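Residue-level structure breakdown
Letter by letter, the chains look like this.
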Amino acid sequence: MEINANFTDNAKNDFHLVVRAREGDQKAYADLMHRYKDSIYFMVLKMVNNKEDAMDLTVETFAKAFEKLDKYQPDYAFSTWLFRVATNNCIDFIRKKKLNTQSIHGMTDDDGDEKPLQIKADVLNPEETSIKKQQTQELKLLIESLPHRYRNLITLRYFDELSYEEIAQQLDLPLGTVKAQLFRARYLLGNIINRFNRDDI
């Protein structure tokens, strides 16, 4: 693979890490994430203006980028490509959020007539309930493979649905520590899920 001759030393270092990551070097993945997680987070935060969403979208960005790493071409610096992945991810998120919060007033059909408001029932049919239950059980099994402190955080946040503040209070930890450890926990869990899905194919 031909590397761009105009690359800075940083971009060259990133490229070598990408090559190692593609070969399955976990430390190379961790180094790339360590280098860019803060700058990606602050860029995302500017776009979505919500710290928790920004944290989730940052994790998603790395998960998507690492999943598509074989598609990266070294015509551009890895950082340029990564920021593009983050930007597109944010745009998708903002678009979906707007769809979900569409005003219930003034909704009209193609003829300009007012449409009756239809609210989708939260009740799942028996097949959906069975699938959801199976997925939850599989997810819990995957969470069991995490180190204890991460497993505990994931359970409190996503199964008990506690806020970051409530978790910090319950575990007697600083809020920043809770957020940082949850960030790491989601990253580890994402890697496990990706490996699980690949093994499943």
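Described in the following lines is the structure provided in the data block. These numbers were taken from a predicted model, which means no experiment stands behind them. (Residues numbered from 1 in each chain as written. Predicted model: local features only at pLDDT ≥ 70, side-chain atom pairs only at ≥ 80, totals over all residues. Heavy atoms only, no water.)

Describing the overall build of the protein chain
Put simply, the rule is: Counting from the N terminus, the helices are DSSP H or I runs at least four residues long and the strands are E runs at least two residues long. Here the term buried applies to any residue with accessible area under 20% of the maximum for its type, exposed to any over 50%, and partly exposed to those in between, with areas from a 1.4 Å probe on protein chains only. By the convention used here, residues are in contact when the closest approach between their heavy atoms is within 4.5 Å. Calculation of accessible area relied on Shrake-Rupley with a 1.4 Å probe; when residues are assessed, cover is drawn exclusively from the protein chains displayed.
If you tally the helices and strands in the protein chain, you get 8 helices and 0 strands. Taking all 201 residues of the protein chain together, the buried fraction comes to 32%. The long-range fraction of contacts in the protein chain, counting pairs at least 24 apart against all pairs at least 6 apart in sequence, stands at 58%. Put simply, the protein chain shows about 13,700 Å² of open surface, and 51% of that area lies on carbon and sulfur atoms.

Side note on the nonpolar core
Condition: In this text, buried Ala, Val, Leu, Ile, Met, Phe, Trp, Tyr and Cys residues form a nonpolar core when linked through side-chain atoms within 4.5 Å.
If you look at the biggest cluster of nonpolar residues, it comprises 49 residues, and the most contacted ones within it are Val-44 and Phe-78. It is helix α2 (residues 26–48) that provides the largest number of residues to this core, a total of 11 residues. Among residues more than four places away in sequence, those in contact with Phe-78 are Asp-14, Val-18, Leu-32, Tyr-36, Leu-69 and Tyr-72.

Considerations on helix α6 (residues 148–159)
Where we set the bar: Residue count minus one, scaled by 1.5 Å, sets the expected span of a helix. By definition, the arc is the one covered by directions from the helix axis to the C-beta atoms.
Its 12 residues place the ends of α6 15 Å apart at the C-alpha level, agreeing with the 16 Å of an ideal helix rising 1.5 Å per residue. Residues of α6 that are buried include every one of Tyr-150, Leu-153, Ile-154, Leu-156 and Arg-157, and no others. Relative to the axis of α6, the buried residues are bounded by an arc of 165 degrees and lie together on one face. Following α6 by one or two positions, Glu-161 adopts a phi angle in the positive range, close to 55 degrees.

Concerning a positive patch on the surface
Heads up, the rule is: Residues with no salt bridge and a relative accessible area higher than 30% make up the patches, which join like charges within 9 Å and nonpolar side chains (Val, Leu, Ile, Met, Phe, Trp, Tyr) within 5 Å. Salt bridges are defined by distance alone: a side-chain nitrogen of Lys or Arg within 4 Å of a carboxyl oxygen of Asp or Glu. This count recognises Lys and Arg as positive and Asp and Glu as negative, with His and chain-terminal groups excluded. The atom standing in for a charge is NZ when the residue is Lys, CZ when it is Arg, CG when it is Asp and CD when it is Glu.
Side chains of Lys-64, Lys-68, Lys-71 and Lys-96 sit close together on the surface and give a patch of like positive charge. Take Lys-96: it is sitting in helix α4 (residues 78–100).

Side note on the pattern of salt bridges
Across all of its chains, the model carries 6 salt bridges by this definition. A salt bridge links Asp-25 to Arg-20; its shortest N-O distance comes to 3.0 Å. Residue classification places Arg-20 among the partly exposed positions, given a relative accessible area of 32%.

Considerations on the packing of α6 against helix α7 (residues 164–171)
The geometry of a pair of packed helices is captured by two quantities: the angle between their axes and the separation between those axes. In plain terms, the rule: Angles shown run from 0 to 180 degrees and are taken between the N-to-C directions of axes, each axis being a line fitted to C-alpha atoms and, for helices, limited to the stretch in contact. For this classification, under 35 degrees means roughly parallel, over 145 means roughly antiparallel, 65 to 115 means roughly perpendicular, and everything else is oblique. Each crossing gets its handedness from the near helix: less than a right angle anticlockwise from the far helix is left-handed, clockwise is right-handed. Classification used: nonpolar for Ala, Val, Leu, Ile, Met, Phe, Trp, Tyr, Cys and Pro, charged for Asp, Glu, Lys and Arg, polar for all others including Gly.
Between α6 and α7, the shortest axis-to-axis distance is 10 Å and the interhelical angle comes to 135 degrees. As judged from the angle between their axes, α6 and α7 are oblique. Viewed along their axes, α6 and α7 form a crossing whose handedness is right-handed. Where α6 abuts α7, its residues Asn-152, Leu-153, Leu-156 and Arg-157 lie against Tyr-164, Ile-167, Gln-170 and Leu-171. When grouped by side-chain class, the residues that make up the contact of α6 with α7 number 5 nonpolar, 2 polar and 1 charged.

Side note on the environment of Trp-81
On the secondary structure map, Trp-81 appears in helix α4. Using a relative accessible area of 13% as the deciding quantity, one classes Trp-81 as buried. As a C-alpha pair, Trp-81 and Ala-65 span 16 residues in sequence and 8.7 Å in three-dimensional space. Not counting residues within four places of it along the chain, the set of residues in contact with Trp-81 comprises Ala-65, Lys-68, Leu-69 and Tyr-72.

Some points on the packing of aromatic side chains
Under the convention used in this document: Put simply, two rings from Phe, Tyr or Trp (the six-membered ring, in Trp's case) pair if the centres are within 6.5 Å, and we call them stacked under 30 degrees between planes, edge-to-face over 60, tilted for the rest.
The final tally for this structure, using the stated rule, is 7 aromatic pairs. The interplanar angle of 55 degrees and the centroid separation of 6.1 Å between the aromatic rings of Tyr-36 and Phe-78 together place this pair among those described as tilted. One end of the pair, Tyr-36, is in helix α2; the other, Phe-78, is in helix α4, and 42 residues separate them in sequence. A centroid spacing of 5.5 Å and a plane angle of 55 degrees characterise the contact between Tyr-72 and Trp-81, whose relative ring orientation is tilted. Assigned by exposure class, Tyr-72 and Trp-81 land together as buried.

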